[in-house]
Amino acid sequence: MTRETKSWQDIPIAGVCWKPATEYHTGDWRTFKPVYASEKCKKCLLCSMICPDAAIKWNETKEVVEFNYDFCKGCGICANECPGRAIQMIRESGE
Amino acid sequence: MSIPQQKVLALNGDEAIALAAKQSNVDVVAAYPITPQTIIVERFSEYVADGEVDTQFVCTESEHSALSACVTASATGARTFTASASAGLALMHEILYVTSGCRTPVVMAIANRALSAPINIHCDHSDSMVERDSGWIQLYVENSQEAYDSTIQAFRIAEHLDLLLPVMVCLDAFVLSHTLENVKVLPDAAVSKFVGEREFIQVKCHEGTKVPFRLDPKNPITIGPLALYDYYFELKRQQEEAMQKASKIIRDIHDEFCELSGRKYGNGLVDAYQLKDAQMAVVCVGSTAGTVKTVVDQLRLRGIKAGLLRLRAFRPLPTTDIQKALANVEIVGVMDRSISFGGQGGPVFHEIRHSLYESKPHPFIQNYIYGLGGRDMPPHSIEWIYKDLEKTLKRKMVETRVNFVGVRS
């Protein structure tokens with residue numbers, strides 16, 4: 001969660017957001033991280049369609065899918081649904 | 001300002017409130033019927049059906065949905081009104097906090113009715129007293145005239161740019177809601193002018209620009225986000241700040257309305273009756289105050305220095321006004337038409353006792369729980385309370401702090 005120290009006098013009324021939601025990097029909630037094996041990928045892009053966080057994008061030049069780890073919460077739906085088993089969930093080693 | 005010609009109509013409290021809402025140019029009413037509030041939304045739906053108003057009337061499947069619709073409508077900038085009571089208000093409980101937390105200035109009339117079980121449709125204050133911590137301003141009225149006047153004032157109070165707090169106008173079930181009274185009503189134009197158009201504060205949106213605080217597709221903002229231990233507390237602190245400002249604003253708007261209508265209710269927060277030289281004071285809220293005034297008059301004829309303090313505003317609690325009003329009395333009897341089980345007295349008692357903690361010397365203070373589930377409170381029972389206060393004064397000691405008046409034993 002993004003750390004802030006603004007006082008009650010300085011924030012907008014009723015919690016109206018003054019920042020876009022993309023500034024909140026929800027990726028650090030993650031326990032398991034999706035790891036992609038491009039050689040197994042059938043390029044069906046099912047993963048990018050079903051990702052609840054829209055954190056999987058198709059990279060046209062490299063012809064691979066890319067994960068945005070700032071927002072991927074590690075739910076594992078992509079790994080579970082991938083027909084080619086090209087995505088594996090690995091436990092974060094993290095702090 | 002000269003007072004405009006006012007018509008005298010025979011209205012019950014519910015009809016008076018419906019008329020006040022109509023004259024206040026409400027944009028959205030979302031409601032669900034419940035006795036004894038039903039007449040309010042019933043009458044209002046007739047205004048809609050007859051084309052007398054351009055209000056969007058939303059029929060919902062429950063009170064939870066009704067208030068949810070009101071919050072959303074109010075968030076788009078609409079002037080919003082609803083009404084409920086008892087179980088209906090209890091079902092709204094969750095959304096009461098959403099309303100105040102989103103700072104959506106909804107006005108709601110509450111026809112105070114007992115809570116189940118046993119099921120009961122008659123008057124007591126259990127339903128709204130339990131919601132005193134929900135961030136709503138609460139005004140309790142003495143008669144149908146005040147119900148009419150307070151509803152008009154409520155829109156101004158709620159929508160005041162320093163507040164943006166929802167307001168409950170509480171009236172006693174049946175005693176007021178269903179009883180015909182002569183009510184002086186202002187011309188439509190005068191009310192319309194008094195209430196005016198809803199205005200908006202400017203907030204910084206996530207595109208970085210300042211926009212009016214309302215949901216508008218052209219200027220998108222987010223209302224009602226997630227706030228955890230990082231910001232929740234700050235937002236609650238803002239609500240408390242607004243509540244602290246509310247006392248003065250309630251008083252100012254009450255005074256302004258007095259100039260328009262010629263009618264006033266004490267200072268808008270508390271209504272003192274024969275308190276200046278009183279030795280004994282009764283404190284109460286709602287319609288019982290009318291009966292107490294009659295008893296005070298009778299006691300005064302016998303040379304007994306009795307007085308009354310009626311709380312019109314219960315939230316925010318007018319602590320300073322209570323202290324001032326009760327500064328010279330020797331004993332206070334607080335009447336509660338609801339009970340906090342195990343709480344050593346009713347909610348009004350708790351507030352009065354806490355308000356007087358800093359007064360020197362303390363007056364004696366006793367609590368009288370009365371009228372639960374619509375049990376009648378006749379003048380002789382109120383006289384009994386004053387006699388009981390007199391006994392304590394002679395004894396110079398409080399014997400029973402919490403008393404039950406009108407219960408068979």
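Up top is the structure.
Residues numbered from 1 in each chain as written. Chains lettered and ligands numbered in written order. Predicted model: local features only at pLDDT ≥ 70, side-chain atom pairs only at ≥ 80, totals over all residues.

Brief notes about the overall build of chain B
Along its length, chain B carries twelve helices and 17 strands. Computed over its C-alpha atoms, the radius of gyration of chain B comes to 21 Å, within 12% of the 22 Å expected for a compact globule of 409 residues. Seen along its three principal axes, the alpha-carbon backbone of chain B occupies a region of about 70 × 50 × 50 Å. Counting across all 409 residues of chain B, residues that qualify as buried make up 50%. (Helix = DSSP H or I, 4+ residues; strand = E, 2+ residues; numbered from the N terminus. Rg over C-alpha atoms; globule rule 2.2 N^0.38 Å. Buried ≥ 20, exposed ≤ 12 C-beta atoms within 10 Å, placed from the backbone.)

A look at the nonpolar core
Ranked by size, the top nonpolar core spans 129 residues in total, and within it Ile17, Val167, Val169, Ala281 and Val283 of chain B carry the most contacts. Among the nonpolar cores identified, the runner-up in size contains eleven residues, and Ala55, Val65, Cys72 and Ile87 of chain A belong to it. (Core = buried A, V, L, I, M, F, W, Y, C linked by C-beta atoms within 7 Å.)

Points about the packing of helix α3 (residues 63-75) of chain B against helix α4 (residues 86-101) of chain B
Residue and element names in this part refer to chain B. At their nearest, the axes of α3 and α4 sit 7 Å apart, and the two run at 25 degrees to each other. One finds that α3 runs roughly parallel with respect to α4. When the axes of α3 and α4 are compared, the crossing they make is right-handed. In this structure, α3 contributes Glu63, His64, Leu67, Ser68 and Val71 to the contact, and α4 contributes Gly88, Leu91, Met92, Glu94, Ile95, Val98 and Thr99. (Axes fitted to C-alpha atoms, helices over the stretch in contact; angles between N-to-C directions. Parallel < 35°, antiparallel > 145°, perpendicular 65-115°, else oblique. Left-handed = near helix turned anticlockwise from the far one by under 90°. Contact = placed C-beta atoms within 7 Å.)

Comments concerning the interface of chain B and chain A
Listed per partner, the contact involves 20 residues of chain B and 14 residues of chain A. Examining the composition of the side of chain B that touches chain A, we find that four residues originate from one element, helix α8 (residues 232-261) of chain B, more than from any other. Grouping the amino acids of the side of chain B that touches chain A by side-chain chemistry returns eleven nonpolar, four polar and five charged. (Nonpolar A, V, L, I, M, F, W, Y, C, P; charged D, E, K, R; others polar.)

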